[in-house]
Amino acid sequence: AAKMTVPELVPFIFQAGFSTAASVTQISGRGVGMDIVRRRIEEISGTIEVDTEPGKRTCFRIRLPLTVVSQNSLIFDIDGVTFAFPLQSISEILQVPAKDLMDTGFGKFLRLRDIILPIFRIHHFFQNTPFRSKSATVPLTSTSVVVVHAGKQRLGLVVDRILGEEEVLIKNPGELVGEIPGIAGVSVLSSGSVALILDVEAMVERSALEMKEPYAGPRIATNR
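Quick caveat, the model's predicted, so the values are computed rather than measured.

Parameters and conventions
Residues numbered from 1 in each chain as written. Predicted model: local features only at pLDDT ≥ 70, side-chain atom pairs only at ≥ 80, totals over all residues. Heavy atoms only, no water. Phe/Tyr/Trp six-rings, centres within 6.5 Å; stacked < 30°, edge-to-face > 60°. Salt bridge = Lys/Arg side-chain N within 4 Å of Asp/Glu carboxyl O. Helix = DSSP H or I, 4+ residues; strand = E, 2+ residues; numbered from the N terminus. Buried < 20%, exposed > 50% of the residue type's maximum accessible area, 1.4 Å probe, protein only. Core = buried A, V, L, I, M, F, W, Y, C linked by side-chain atoms within 4.5 Å. Contact = heavy atoms within 4.5 Å. Pairing = 2+ DSSP bridges. Axes fitted to C-alpha atoms, helices over the stretch in contact; angles between N-to-C directions.

## Some thoughts on the packing of aromatic side chains
- Using the criterion set out here, one finds three aromatic pairs in the structure.
- The rings of Phe76, Phe83 and Phe85 are connected pair by pair, giving a single aromatic cluster.

So, in C-alpha cells, the structure goes:
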C-alpha cells in the first residue's frame, strides 16, 4: 500500500467491508456504506468519483443521467392503467357528486368556491393513443377529482382509484415508445408495477387553449 498512489488507493473505500478506522466496535468502524452508495448510483446509470488531497480536501462528484428525476407523486388507477401526478402540482382532491357538475355542452365544470373549474377525464388527452380510457362514454357519477395547477391555471381530472403516495424515479420512456404528449415519463413502483407520469403543465396548457373560445377570461380557473 505504501507504494500505491492516491488515485490507486481511493477506489478501496468502495469495497464492501473496507474501513479506515483504527479500531472496530459492535456499532462502528466495520466499513459498511460506501459500497452501497456506489451500487445504488450505478443502478440508475450514474457514476461517483473522488478527488482528494490528503490532509487538505476531498471532493465527491456524483453524476446522474438527466433523464432520471426523483419526486413525490400521487399514484392512481384508471381502467387498470396506473398513472402518477407530481404532488407539487396538486392543489387538492375532491369527492364530487355528479349533480354538482355543470354541463355546458362544451364540457363539464364545477363551481369550486369562487372559481369555475373545468373537469376533464384523462382519456380526453389521450384519444389517439393506447391509453384512451375504456370508460370514456360512461356517465359520471360520484367521482374523485384531482385538482392540478400550472402557474395560475387549474383544472380537475377524474380518476377511478387513488392508490396512495410514493417517491418515484422518473425515466424517459425512450425511443422505442416515443414521445406521447401528456406523458412526462415512466416509473417502476415499489409494488413492481409500471406507472405513467403525467405532464401536468402540458395538460393544463392544452385545456386552456381549448377553452379560449368562448370560455376564456374569468371562466378559466385561476389560483387566488
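From this point, the discussion proceeds with the structure in view.
## Here's the deal with the pattern of salt bridges
- Summed over all chains, the structure comprises seven salt bridges.
- In this structure, Arg61 engages Asp51 in a salt bridge whose closest nitrogen and oxygen atoms are separated by 3.8 Å. Taken together, the residues Arg61 in strand β2 (residues 57-63) and Asp51 in strand β1 (residues 47-53) connect sequence positions ten residues apart.
- A relative accessible area of 34% means that Arg61 is categorised as partly exposed.
- The exposure class of Asp51 is partly exposed, given its relative accessible area of 26%.
- Measuring nitrogen to oxygen at the nearest pair gives 3.9 Å for the salt bridge that ties Arg154 to Glu92. A residue pair is termed long-range when its members are at least 10 positions apart, and Arg154 in strand β10 (residues 153-159) and Glu92 in strand β5 (residues 90-96) qualify at 62 residues. Both residues of the pair, Arg154 and Glu92, belong to the buried class.
- Beyond isolated ion pairs, a larger network of salt bridges with shared partners links Asp51, Glu53, Arg57 and Arg61.

## Considerations on the nonpolar core
- In this structure, Phe85, Ile122, Val148, Leu157 and Leu198 are the most contacted members of the largest nonpolar core, which totals 22 residues.
- Where this core is concerned, the elements lending two or more residues are β3 (69-78), β4 (81-86), β9 (143-150), β10, β13 (194-198) and α3 (200-215).
- Setting aside its immediate chain neighbours within four residues, Val148 contacts Phe85, Ser89, Ile90, Ser91, Gln153, Arg154, Leu155, Leu157, Val200 and Val204.
- With eleven residues, the next largest nonpolar core counts Leu94, Val96, Ile115 and Ile119 among its residues.

## Remarks on the sheet that holds β5
- With respect to topology, six strands assemble into an open sheet ordered β5-β9-β10-β8-β7-β6, the strand pairing being mixed. The sheet is open, and its two edges are formed by β5 and β6 (101-103), each paired on a single side. In this sheet, neighbouring strand axes are inclined to one another by 35° on average, regardless of whether the strands run parallel or antiparallel.
- One ladder, built from three bridges, connects β6 with strand β7 (residues 108-112); its direction is antiparallel. Bridge pairing links Asp103 to Lys108 in β7.

That's the geometry; what it means functionally is another story.
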